[in-house]
Amino acid sequence: QVQFVESGGGLVQPGGSLRLSCAASGFTFSMYTMSWHRQAPGKERELVASISSMNGGRTSFADFVKGRFTISRDNGKNTVYLQMNNLKPEDTAVYYCNAILGRLQYWGQGTQVTVSS
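Residues numbered from 1 in each chain as written. Predicted model: local features only at pLDDT ≥ 70, side-chain atom pairs only at ≥ 80, totals over all residues. Heavy atoms only, no water.

Participant: With reference to specific residues and values, describe the nonpolar core.
Facilitator: Side chains of nonpolar character tend, in soluble globular proteins, to be buried together. Counting residues in hydrophobic clusters, the biggest one holds 30 residues, and the most contacted among them are Phe 4, Met 34, Trp 36, Val 80, Leu 82, Met 84 and Tyr 95. At five residues, strand β9 (residues 93-101) tops the list of elements feeding residues into this core. With near-sequence residues (within four places) excluded, Met 34 lies in contact with Phe 4, Phe 27, Phe 29, Ala 49, Ser 50, Ile 51, Ile 71, Arg 73, Val 80, Cys 97, Asn 98 and Ala 99. (Core = buried A, V, L, I, M, F, W, Y, C linked by side-chain atoms within 4.5 Å. Buried < 20%, exposed > 50% of the residue type's maximum accessible area, 1.4 Å probe, protein only. Helix = DSSP H or I, 4+ residues; strand = E, 2+ residues; numbered from the N terminus. Contact = heavy atoms within 4.5 Å.)

Next comes the structure, spelled out in structure tokens:
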């Protein structure tokens, strides 16, 4: 059974940093692109960043996080990370881990990130 367990969210002041983790199980993690998405209240879910399947894989980022967020993965630990720096109030959202395995898309339960003074 495919499962994702996200952690690392919380309350942080503007300009602060958080590191999200997503521990995956139930599939061959190293073979799949992983991504982070987020959903703010009243808004649609949006892609934040993705990383391809090989260690040190190719990364891509939404324009609104470029230069502030990085994504990485540890295939030995079946874990993908999202390092978020210089956080802004508009980054407040629930952040979700995601993978597309064949025709099916899987999501974690999400972790809340709140950026507020």
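From this point, things continue past the structure.
Participant: So what about the packing of aromatic side chains? Which residues, and what values?
Facilitator: Remark: the centre distance and the inter-plane angle together describe each pair of aromatic rings, the angle taken between the planes. Per the counting criterion, the structure on display carries four aromatic pairs. Here Phe 27 and Phe 29 contribute two aromatic rings whose centre-to-centre distance is 6.3 Å and whose plane-to-plane angle is 50°, an arrangement assigned as tilted. On the accessibility criterion, Phe 27 (14% relative accessible area) is buried. A centroid spacing of 5.8 Å and a plane angle of 70° characterise the contact between Phe 27 and Tyr 32, whose relative ring orientation is edge-to-face. Aromatic ring contacts, followed pair by pair, group Phe 4, Phe 27, Phe 29 and Tyr 32 into a single cluster. A cation over an aromatic ring shows up here: Arg 45 above the ring of Tyr 96, its NZ or CZ 3.7 Å from the ring centre. Here Arg 45 stacks its cationic end above the ring of Trp 107, 4.5 Å away from the centre of that ring. (Phe/Tyr/Trp six-rings, centres within 6.5 Å; stacked < 30°, edge-to-face > 60°. Lys NZ or Arg CZ within 6 Å of the ring centre and 35° of its normal.)

Participant: Account for the pairing of strand β5 (residues 46-51), with residues named and values stated.
Facilitator: In this structure, strand β4 (residues 34-39) lies alongside β5, joined through five bridges in antiparallel fashion. In the strand pairing of β5, Met 34 is matched with Ile 51. Taken together, β4 and the strand that follows it, β5, pair antiparallel across an intervening segment of six residues, in which Gly 42 is found at a positive phi of about 75°. Pairing geometry for β5 and strand β6 (residues 59-61), over three bridges, is antiparallel. Within β6, the position partnered with Ile 51 by the bridge is Thr 59. (Pairing = 2+ DSSP bridges.)

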